[in-house]
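# Summary of the model geometry
Single-letter residue listing:
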Amino acid sequence: MNLYAVAAIYRFEMNRTFRTLWQSIVSPVVSTSLYFVVFGAVRAGGPSEIDGMPYGAFIVPGLIMLSLFTQSIFNASFAIFFPKFIGTIYELLSAPVSFVEVIMAYVGAAATKSVMLGLIILATAFVFAPHLAILHPLLMLVFLVLTSLSFSLFGFIIGVLSKNFEEIQFIPMLIVTPMTFLGGAFYSITKLPQPWQTISHFNPAVYLISGFRWTFFGKGDVPVIWSLAFIFGFFAVCLVIVSWIFKTGYKIKV
Amino acid sequence: MASIISVKGLTKTYDTGVEALKPVDLEVEKGEILALLGPNGAGKTTLIAIICGIVNPSGGKVTVDGYDIIDDYRKTRAMIGLVPQELATEAFETVWSVASFSRGLFGKAPNPAHIEKVLKSLSLWDKRKDKIMTLSGGMKRRVLIAKALSHEPRILFLDEPTAGVDVELRKDMWQVVRELRDDGVTIILTTHYIEEAEEMADRVAVINKGEIILIEDKDVLMRKLGRKQLVLHLQKPLKSIPAALKPWHLALSEDGLTLTFLFDPEGERAGAAPLLRKLDELKIAFDDISTSQKSLEDIFVGLVSDRT
Ligand SMILES: Nc1ncnc2c1ncn2[C@@H]1O[C@H](COP(=O)(O)OP(=O)(O)O)[C@@H](O)[C@H]1O
Ligand SMILES: [Mg+2]
């Protein structure tokens, strides 16, 4: 295993994160704060509690998940798309590195950034919802890390397959964000009328958000084991796709 | 000489249907400087890109120091440094950090002393803390060379290293290349400038339309190519070359008024002075005589157009 290469890429990517700290960390924190302010204001006319949880606390896991999904995808896809775009990918392709090492480094760096981001948003949330309590902190971290890893891997695939910046933005903006909003980030799907409740069970985001919320409050829209199974399954599928991409050189080599 | 790179029956057809490499065979000798000379689109970059692992071959086999470039890619790639044709660099990183990055990427433990040596040899030391985007084009090319040398490769590929490069860098670069060769590094450079091949190479391979049409020691090639031409303008047209002039392998122009003779420095053909005596003997009068050095360029164009 070429660990020097893994370290070199990982360090390179983390440098990029710290160099662009403003975009990387500050803007998601600001937008999360905005969600709290806006939803807090709307709350006056809406439910003050969901499933016995204060609404301000209820939306925290969903908000974190929303950021993890979009930021993981965006960071990982950009990390591999950019070298393709400016042509520096030649060096990666000519280096004595395997796909496992490339993925460990790129996905590892993107996931690290997402975990940091999730924790920062969580800290921000405590400002807006001071009574927020986390019932299963360790499992919460497990969900945080697994979600960051799988969505970074997913983003890596998108970055490899994308031909331009529009394509990179397409999936996070037009698929993942709506799915998250419809996946119970801001409400409980058990409160939805039929047939929407059934339809929601086909939305992958439901399982992720529900599981993450369970680690906070011990309650979720679906059993937590389904959530865990889902996240592992998603991770496995992404791994298979990415190993196929590297084996064939699809869209990377000509 | 032992060969360090062995290319056998290598082919490449791109998805677009372009046949960039017909079956190519090539042996690169350990420690030599080999120039791959050929016009644009000849397949030079494709050949290099396959050996380095950037492009998938369509067929054939390449070994580097006995290792297959696909089965043993870690071993072969660790030995190779590549300076690509395109100026592709990061923008926000510093010179020092990208050179160190490359060293790590190629599996070498950090060695600041080596990076320092490389940067100094390329006059980049003063710029080590500068962001790459602030550098000029020539400086960026130096950075690419520094990256390629950062992991102490035993084989260095330079793909059109002097395209758009100033004289200063050219001099620096050739100095670095000579030092590397003295250290036993094998160097393969591509160019479509004949002077460059002349100046630097031990051997020259001419590649055109995906085929290597000639590979020769530079000195031998130069002697062959450096042949002088003797052109005789006759007073009266000849219908054909008299049998007595056979030993000189003359060429007669269509109008029968010009005889062309190629001096042969190898001495395999009869010389010029006896030819002139013979012409006198045969009473073939000429009113003008001129010599010209046939340049590499002419020969090259001749070689290439023969194949079209
Ligand atoms: N990525 C590619 N896709 C399709 N055709 C290509 C690609 N790269 C090069 N070619 C074609 O292959 C041929 C050889 O190109 P190249 O190896 O770049 O030649 P050289 O380096 O000698 O100029 C050219 O006809 C070129 O257009
Ligand atoms: Mg080229």
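Calculation criteria
- Residues numbered from 1 in each chain as written.
- Chains lettered and ligands numbered in written order.
- Predicted model: local features only at pLDDT ≥ 70, side-chain atom pairs only at ≥ 80, totals over all residues.
- Heavy atoms only, no water.
- Donors = N, O, S within 2.8 Å, 3.2 Å for Na, K, Ca; no water.
- Helix = DSSP H or I, 4+ residues; strand = E, 2+ residues; numbered from the N terminus.
- Buried < 20%, exposed > 50% of the residue type's maximum accessible area, 1.4 Å probe, protein only.
- Domains from an automatic or database assignment.
- Contact = heavy atoms within 4.5 Å.
- Buried area = accessible area lost by both parts, 1.4 Å probe.
- Salt bridge = Lys/Arg side-chain N within 4 Å of Asp/Glu carboxyl O.
- Polar contact = N/O pair within 3.5 Å; in protein donor to acceptor, adjacent residues only side chain to side chain.
- Nonpolar A, V, L, I, M, F, W, Y, C, P; charged D, E, K, R; others polar.
- Patch = residues over 30% accessible without salt bridge, like charges linked within 9 Å, V, L, I, M, F, W, Y side chains within 5 Å.
- Areas by Shrake-Rupley, 256 points an atom, 1.4 Å probe, with all protein chains shown as cover.

### Observations concerning the coordination of the magnesium ion (ligand 2)
Residue and element names in this part refer to chain B. Protein coordination at the magnesium ion (ligand 2) comes from T45 (OG1) and Q85 (OE1), with a distance range of 2.0 to 2.2 Å. Residue T45 is located in helix α1 (residues 44-52), and its partner Q85 is located in the loop between β6 (80-83) and α3 (95-105); the two are separated by 40 residues in the primary sequence. The partly exposed category is assigned to T45, whose relative accessible area is 35%. The partly exposed category is assigned to Q85, whose relative accessible area is 26%.

### Quick look at the domain arrangement of chain B
Taken domain by domain, chain B comprises domain 1 (3-223) and domain 2 (227-306). Inter-centroid distance (C-alpha atoms) of domain 1 of chain B to domain 2 of chain B is 42 Å.

### Observations regarding the interface of chain A and chain B
With 24 residues of chain A at the interface, the matching set in chain B holds 29 residues. Note on chain A versus chain B: buried area summed over both sides is about 2,500 Å², and carbon and sulfur give 59% of it. Across the chain A-chain B interface, the total number found is three salt bridges. Among the salt bridges present, the one from R19 of chain A reaches E93 of chain B, with a minimum N-O distance of 2.6 Å. Summed over the shared surface of chain A and chain B, the number is 10 residue pairs in polar contact (both at pLDDT 80 or more). If you list the elements that add at least two residues to the side of chain A that touches chain B, you get α1 (3-19) and α4 (89-93) of chain A. It is α1 of chain A that contributes the most residues to the side of chain A that touches chain B, six residues altogether. By residue class, the composition of the side of chain A that touches chain B is 14 nonpolar, six polar and four charged.

### Description of a nonpolar patch on the surface
A cluster of nonpolar residues, M1, L3, V100 and M104 of chain A, forms a patch on the protein surface that exposes about 390 Å² of accessible area. Overall, the relative accessible area of 53% leaves L3 of chain A in the exposed class.

### Some remarks on the pattern of salt bridges
Side-chain pairs of opposite charge can arise where the charged atoms are in close proximity. Summed over all chains, the structure comprises 18 salt bridges over all chains. Residue K163 of chain A pairs with E167 of chain A through a salt bridge whose shortest N-O separation is 3.8 Å. With relative accessibility at 59%, the residue K163 of chain A sits in the exposed group. Its relative accessible area of 29% is what places E167 of chain A among the partly exposed residues. Its salt-bridge partner being K278 of chain B, residue E281 of chain B comes within 3.4 Å of it at the nearest N-O pair. In this pair, E281 of chain B and K278 of chain B are both assigned in helix α9 (residues 272-281), three residues apart and thus about one turn of the helix distant. According to the relative accessible area criterion, K278 of chain B is partly exposed, its value standing at 24%. Three or more residues joined by partner-sharing salt bridges are found here, namely E91 of chain A together with E90 and K147 of chain B.

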